[in-house]
Amino acid sequence: MKTIDWTRDELVAYILLFAAHSDYKEDNHERNVIISKVDMNTFQEIHDEFDNDNDYQGIQKIMTSLAQHNYDKDDIDILFSDIKALFFSDGDFDITERNMLRFLEKLLKN
């Protein structure tokens, strides 16, 4: 894949949106968690891009951008703390969210 011209905040917003949509809905609690990590303008720009991508494109963008930003183990651990906070924000950590968390662990921690 070509170079992704994202800032670290844009990458975080995209990953959190990707995770939030694991159960095919994005509620206000999840949106508030994402906005607490990035500014509203970044959130909206990345949300627009996310809406135009399919899952494969999203995964490719995430993996390319992680490599470009030289994410290390500590960075990934912080990211997973944010993902878990997102999943628990609405008080319902359902099976699709659990499966997404496992998928992201395999994808990002290899």
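Residues numbered from 1 in each chain as written. Predicted model: local features only at pLDDT ≥ 70, side-chain atom pairs only at ≥ 80, totals over all residues. Heavy atoms only, no water.

Chemist: I keep staring at the overall build of the protein and nothing clicks. Help me out?
Modeler: Within the protein, the regular secondary structure consists of six helices and zero strands. Order of helices (α) and strands (β) in the protein, N terminus to C terminus: α-α-α-α-α-α. A compact globule built from 110 residues should have a C-alpha radius of gyration of about 13 Å, and the protein, at 13 Å, falls within 12% of that. Structurally, the protein occupies a C-alpha span of about 35 × 30 × 25 Å along its principal axes. Across the 110 residues in the protein, those meeting the buried criterion constitute 45%. Within the protein, contacts between residues at least 6 apart in sequence are counted, and of these 78% link residues at least 24 apart. Accessible area for the protein stands at about 6200 Å²; split by element, carbon and sulfur atoms hold 49% of it. Of the charged side chains in the protein, 12 are positive and 24 negative; the average position of the first set lies 7 Å away from that of the second. (Helix = DSSP H or I, 4+ residues; strand = E, 2+ residues; numbered from the N terminus. Rg over C-alpha atoms; globule rule 2.2 N^0.38 Å. Buried < 20%, exposed > 50% of the residue type's maximum accessible area, 1.4 Å probe, protein only. Contact = heavy atoms within 4.5 Å. Areas by Shrake-Rupley, 256 points an atom, 1.4 Å probe, with all protein chains shown as cover. Lys, Arg positive; Asp, Glu negative; His and termini not counted. Charge placed at Lys NZ, Arg CZ, Asp CG, Glu CD.)

Chemist: Looking at this model, I keep getting lost on unusual backbone geometry. Mind explaining?
Modeler: It is generally the case that most residues other than glycine have a negative phi and that most peptide bonds are trans. Positive phi outside glycine occurs at Tyr24, with the angle close to 65°. Along the chain, Tyr24 turns up in the loop between α1 (8-20) and α2 (28-37). With phi around 55°, Asn70 is a residue other than glycine that occupies positive phi space. The topology assignment puts Asn70 in the loop between α4 (55-68) and α5 (73-88).

Chemist: Is there a simple way to explain the packing of aromatic side chains in this structure?
Modeler: For any pair of aromatic rings, the description consists of the separation of the ring centres together with the inter-plane angle of the planes. Scanning the entire structure with this criterion turns up four aromatic pairs. Here the aromatic rings of Trp6 and Tyr14 are separated by 4.8 Å at their centres, their planes lie at 35°, and the arrangement is tilted. With respect to class, Trp6 is no different from Tyr14; both count as buried. Ring geometry for Tyr14 and Phe50: centres 5.4 Å apart, planes at 70°, overall edge-to-face. Taken together, the positions of Tyr14 in helix α1 and Phe50 in helix α3 (residues 40-51) put the pair 36 residues apart, joining distant regions of the chain. A single burial state applies to Tyr14 and to Phe50, both of which are buried. Members of the aromatic cluster, joined through ring pairs, are Trp6, Tyr14 and Phe50. The lysine or arginine in question, Arg98, covers the ring of Phe93, its NZ or CZ lying 5.8 Å from the ring centre. Cation over ring: Lys109 sits above Phe80, and NZ or CZ is 4.7 Å from the ring centre. (Phe/Tyr/Trp six-rings, centres within 6.5 Å; stacked < 30°, edge-to-face > 60°. Lys NZ or Arg CZ within 6 Å of the ring centre and 35° of its normal.)

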